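# Commentary on secondary and tertiary structure
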Amino acid sequence: DSGNRKKIWLHQLVHFFGSEAWIPISIGLIAAHSRANEEFDRHLEIMDLQYERQSPELIVDRYQDPFILGFSTYIWNINLSLEVARLAKKRFPNVLIVFGGPSAPAGEVEAEAFLRKNDFVDILVSGEGETAFLDLCHAKLNGLDLKDVLSLAWLDQNDFFQTPERKMTKDMDLLASPYIDGTFEKI
């Protein structure tokens, strides 16, 4: 029963051109890959994909008891994503806020500076998000050490930690498709 699954909201806030918008492919791939995993699906639920650029307050008002908020960030949505995350952390202090995408810094110096400046962001994911996000969710569900999850950066007790970046998946058939599994049906 989905009533006791922990809730995850994924964000890739895109531009609209009239009534048309960019497909939020990154979060679609992450959602499809995660949902295809049995343990994930048993304990976690990905809510409606958040892709419309709206006021940060309006976006945060949608969350009900969020467990994880994930943001796929680009130069065109990083500021809005940061503001949504900042407001969300104020309202839901225990939510885990995860940033990935090209505007989430991967280099050690840049990642540490970003996390210190934006203390409401808990974890940065670098490289391929599909596998890293799923591994992160498993670690959080099972109380495992984040140091065993590749491609993450975070602060703990003011100390900076970063795990090595995972190799990219070469066989794309190992990743679920949001076009095939119905993820994009609603949008």
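In this report, the structure presented in the accompanying data block is examined. (Residues numbered from 1 in each chain as written. Predicted model: local features only at pLDDT ≥ 70, side-chain atom pairs only at ≥ 80, totals over all residues. Heavy atoms only, no water.)

With that out of the way, let us pick up the pairing of strand 7 (residues 96–100). A large share of strand 7 lies buried, amounting to 5 of its 5 residues. Across the two faces of strand 7 the burial is the same, with Leu96, Val98 and Gly100 and Ile97 and Phe99 all buried. Note: strand 6 (residues 66–72) against strand 7, 5 bridges, orientation parallel. If you follow Gly70 over to strand 7, its bridge partner there is Val98. Assessed by its sense of winding, the connection that carries the chain from strand 6 through helix 4 (residues 78–91) to strand 7 is right-handed. Here strand 7 runs beside strand 8 (residues 123–125); their pairing, made up of 2 bridges, is parallel. Looking at strand 8, one finds that Val98 is bridged to Ile123. The parallel pair strand 7 and strand 8 is bridged by helix 5 (residues 108–117), and the resulting crossover is right-handed. (Buried < 20%, exposed > 50% of the residue type's maximum accessible area, 1.4 Å probe, protein only. Helix = DSSP H or I, 4+ residues; strand = E, 2+ residues; numbered from the N terminus. Pairing = 2+ DSSP bridges. Right-handed = clockwise from strand over helix to strand, strands pointing away.)

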